[in-house]
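Below are the chains, spelled out letter by letter.
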Amino acid sequence: MLDIFSIQRTVEKNFPYFGINKKNEIIRLLYEISKKEKINFLKITRDLKGRDFSFIKKILLERRYPYTLLKEKEPRFYLPILDIQPENKLRIKKFKLYPKKIYFEKETEDLSLLKRFKRFFPRAEFIQIETLKDYLKAHGYTLKDYNLRKESFFIVKEKYDFLKNCPCTKDALNCGYSILNLGFGCPYECIYCYLQEYTDSAGIIFSGNLEDFFRYFKKFKRSSKLRIGSGEFTDSLFLDDITQYSVELINFFRDYPDIYFEFKTKSKNIDFLLNAKSSKNIVISWSLNPQKIIKECEFYTADLKERIVSAVKCIEAGFKVGFHFDPIIYYEGWQYDYKELLNYLFDKIKEDSILWISLGTLRFNPRLKKIIENRFPENKILDEELILGFDGKLRYPKEIRFNIYKKMLEFIRKRAKHLWVYLCMEERVIWQALKEFGISMKNV
Ligand code: SF4
């Protein structure tokens, strides 16, 4: 890891007359440039000594964001204080999912989920709590806790928030998705995962009262053609062999043929689900990325081939599948890897077995940047040019995003002329500029 302390000391020594905010911006830019270019920061500071702040910032920004400064009209950069604490770094070890402690709300005592967890995790310590809310209030939360979240499970009774509209993002076209909240948290470690900044729980939460959701849903006033998924705040299938949600959900939604229910996953944990009789309105979907990205950025998830093999098994069992190229990661040569990936996908799976494909380029709340730097200091995804976008999230510059979608759609349309493809959390102008590729918000 770069010696941040040396950068700070050098900036202090070379620019003692700058205020603290200016020094912090210089430190951040020096860090990012030397990380990206893999050079010693002293090589950058050499020619800057004695120059005024606006000159130095201009030079550093031009080096850090050359494409953005050339192409974007009024780019907004995000240069927070550099604060990386080595103790927050995640050590990637062999994957093992066996909680040390399982906290359960008093009201979940009789739920079958708790009984199953007792059967599957006999060595875990089971601790009764009044409510998760009280527990969280009484216990602090730090990034180190997040790194250890696999060690604690919480079983709760969901009362209010079973179903919600996907919040999408400010000023983006919304695809009309609904989220079934069956838990919160995931044991996998995707570098870009937004849950890292979205949670305050030092464990993985499971809602145990699926039957209450079914009761609620029967009375729920809804429009037809709803699309519902359980993979927004968690991975839908990572523990399905134990939670056993899938079969109950499939059996329930089979009676609602006008509704699509989607299990979204990066796992290969489909065996329990395959016990259910298939139904055409049940969609099992995988997020896909080239194997290089899976290896570098999606720790503990199934590899690309395993995901595709799982999808083929689901199709053979009579289910429909979906794929989410989300987030698409930009890097030099990205288009060759994604083209290969799409060709591989369509070699293995025919267009008419796929219900939808979504495309979304990397984006995240600015708060996540510091979390990624702390947990994954060697990450490469932050080395690209990410600037504040139309919704205040960090995104690639608009032209890069447009070119990514265009290329992806060209690849897709060569192999799948009529497949429903939509963009996730993207602004109207980009949708409009890509209309010729037949992308649409329509529900199938
Ligand atoms: S699989 Fe999804 S929920 Fe789990 S860490 Fe990766 S991005 Fe987050």
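Definitions and cut-offs
Residues numbered from 1 in each chain as written. Predicted model: local features only at pLDDT ≥ 70, side-chain atom pairs only at ≥ 80, totals over all residues. Heavy atoms only, no water. Axes fitted to C-alpha atoms, helices over the stretch in contact; angles between N-to-C directions. Helix = DSSP H or I, 4+ residues; strand = E, 2+ residues; numbered from the N terminus. Parallel < 35°, antiparallel > 145°, perpendicular 65-115°, else oblique. Left-handed = near helix turned anticlockwise from the far one by under 90°. Contact = heavy atoms within 4.5 Å. Nonpolar A, V, L, I, M, F, W, Y, C, P; charged D, E, K, R; others polar. Phe/Tyr/Trp six-rings, centres within 6.5 Å; stacked < 30°, edge-to-face > 60°. Buried < 20%, exposed > 50% of the residue type's maximum accessible area, 1.4 Å probe, protein only. Polar contact = N/O pair within 3.5 Å; in protein donor to acceptor, adjacent residues only side chain to side chain. Pairing = 2+ DSSP bridges. Right-handed = clockwise from strand over helix to strand, strands pointing away. Near = heavy atom within 4 Å. 1 Å grid on protein atoms, 1.4 Å probe; cavity = no way out; pocket = protein on both sides within 12 Å on 5 of 7 lines; lining within 4 Å. Sits in = over half its atoms within 2 Å of the grid points. Domains from an automatic or database assignment. Buried area = accessible area lost by both parts, 1.4 Å probe. Salt bridge = Lys/Arg side-chain N within 4 Å of Asp/Glu carboxyl O.

J.: Please give an account of the packing of helix H2 (residues 20-37) against helix H16 (residues 367-375) that cites residues and values.
T.: Between H2 and H16, the shortest axis-to-axis distance is 15 Å and the interhelical angle comes to 55°. With respect to each other, H2 and H16 are oriented oblique. In this structure, the crossing between H2 and H16 has a hand that is left-handed. Here Arg 28, Tyr 31 and Glu 32 of H2 lie close against H16, whose contacting residues are Lys 369, Lys 370 and Glu 373. Within the contact of H2 with H16, the residues separate by chemical class into 1 nonpolar, no polar and 5 charged.

J.: Mind laying out the packing of aromatic side chains, listing which residues take part and the relevant values?
T.: Under the counting rule described, the total for this entry stands at 44 aromatic pairs. Summarising the aromatic geometry, the rings of Tyr 188 and Phe 238 are spaced 6.4 Å apart at their centres and angled 70° between planes, so their arrangement reads as edge-to-face. Of this pair, Tyr 188 sits in the loop between strand S6 (183-184) and strand S7 (189-190) while Phe 238 sits in the loop between strand S9 (227-229) and helix H11 (240-243), and the two are 50 residues apart along the sequence. For the pair Tyr 188 and Phe 238, one class covers both residues: buried. Judged by centre distance (5.9 Å) and plane angle (85°), the rings of Trp 356 and Trp 420 are edge-to-face. One end of the pair, Trp 356, is in strand S14 (residues 354-361); the other, Trp 420, is in the loop between helix H17 (398-415) and strand S18 (421-423), with 64 residues separating them in the sequence. As far as the burial class goes, Trp 356 and Trp 420 line up, both buried.

J.: Hey, could you go over the side chain of Arg 375 for me, with residue numbers and the actual values?
T.: By the secondary structure assignment, Arg 375 is in helix H16. In terms of polar contacts, Arg 375 uses its side chain to reach the side chain of Asn 147, at 2.6 Å. Side-chain polar atoms of Arg 375 contact the side chain of Gln 196, separated by 2.7 Å. Once residues lying within four places of it in the same chain are set aside, the contact partners of Arg 375 are Asn 88, Lys 89, Leu 90, Leu 143, Tyr 146, Asn 147, Arg 149, Glu 189 and Gln 196.

J.: I'd like a rundown of the environment of Phe 214, residues and numbers included.
T.: Structurally, Phe 214 is set in helix H10 (residues 210-219). With residues up to four places along the chain from it excluded, the contact list for Phe 214 reads Glu 248, Leu 249 and Phe 252.

J.: I'd love a proper account of the pairing of strand S1 (residues 101-105), names of residues and values included.
T.: Of all 5 residues in S1, 4 are buried; the element is thus mostly enclosed. The pairing of S1 with strand S3 (residues 152-156) spans 4 bridges and is parallel. Across the sheet, residue Tyr 103 finds its bridge partner in S3, namely Phe 154. The pairing of S1 with strand S2 (residues 125-129) spans 5 bridges and is parallel. Its bridge partner being in S2, Lys 101 is matched across the sheet by Glu 125. Read from S1 through helix H6 (residues 112-120) to S2, the crossover connection turns out right-handed.

J.: Provide a residue-level description of the packing of helix H15 (residues 334-348) against H17, including the pertinent values.
T.: The geometry of H15 relative to H17 is characterised by a closest axis approach of 10 Å and an angle of 30° between their N-to-C directions. It follows that H15 is roughly parallel to H17 by the angle criterion. Crossing handedness for the pair H15 and H17: right-handed. Contacts between H15 and H17 involve Trp 334, Gln 335, Tyr 338, Lys 339, Leu 342, Asn 343, Phe 346 and Asp 347 on the former and, on the latter, Asn 403, Ile 404, Lys 407, Met 408, Phe 411, Ile 412 and Arg 415.

J.: How would you explain the site of the ligand if you had to name every residue and give the values?
T.: Taken together, Cys 186, Tyr 188, Cys 190, Cys 193, Leu 195 and Lys 266 make up the full set of residues adjacent to the ligand. More than half of the atoms of the ligand fall within 2 Å of the grid points belonging to the largest pocket. Broken down by class, the residue content of the shell around the ligand amounts to 5 nonpolar, no polar and 1 charged.

J.: Would you mind going over the sheet that holds S1 in detail, with residue names and values included?
T.: The strands making up a sheet are joined through hydrogen bonds of the backbone, oriented either antiparallel or parallel. Reading across the sheet, the 5 strands line up as S2-S1-S3-S8-S6 and stay open at both edges, with mixed pairing between neighbours. Only two strands of the sheet have a single neighbouring strand rather than two, namely S2 and S6.

J.: Pulling in residues and values, what's your account of the domain arrangement of the protein chain?
T.: According to the domain assignment, the protein chain contains domain 1 (4-82) and domain 2 (158-437). Counting from both sides, the interface comprises 19 residues of domain 1 and, opposite them, 22 residues of domain 2. Among the residues domain 1 hides against domain 2, the three largest losses belong to Tyr 67, Arg 76 and Tyr 78. Together they make up 37% of the total. Viewed at the interface, domain 2 and domain 1 are joined by 4 salt bridges. The interface formed by domain 1 and domain 2 holds 16 residue pairs in polar contact (both at pLDDT 80 or more) in total.

J.: Tell me what's going on with the sheet that holds strand S17 (residues 394-395), and back it up with residues and numbers.
T.: What the 3 strands build is an open sheet, ordered S15-S17-S16; its pairing is antiparallel. With one partner strand each, in any of the chains shown, strand S15 (363-364) and strand S16 (387-388) form the two edges of the open sheet. As defined by bridge partners, S15 adjoins S17 across 2 bridges and the pair is classed as antiparallel. The residue bridging Arg 363 from the neighbouring strand is Arg 395, located in S17.

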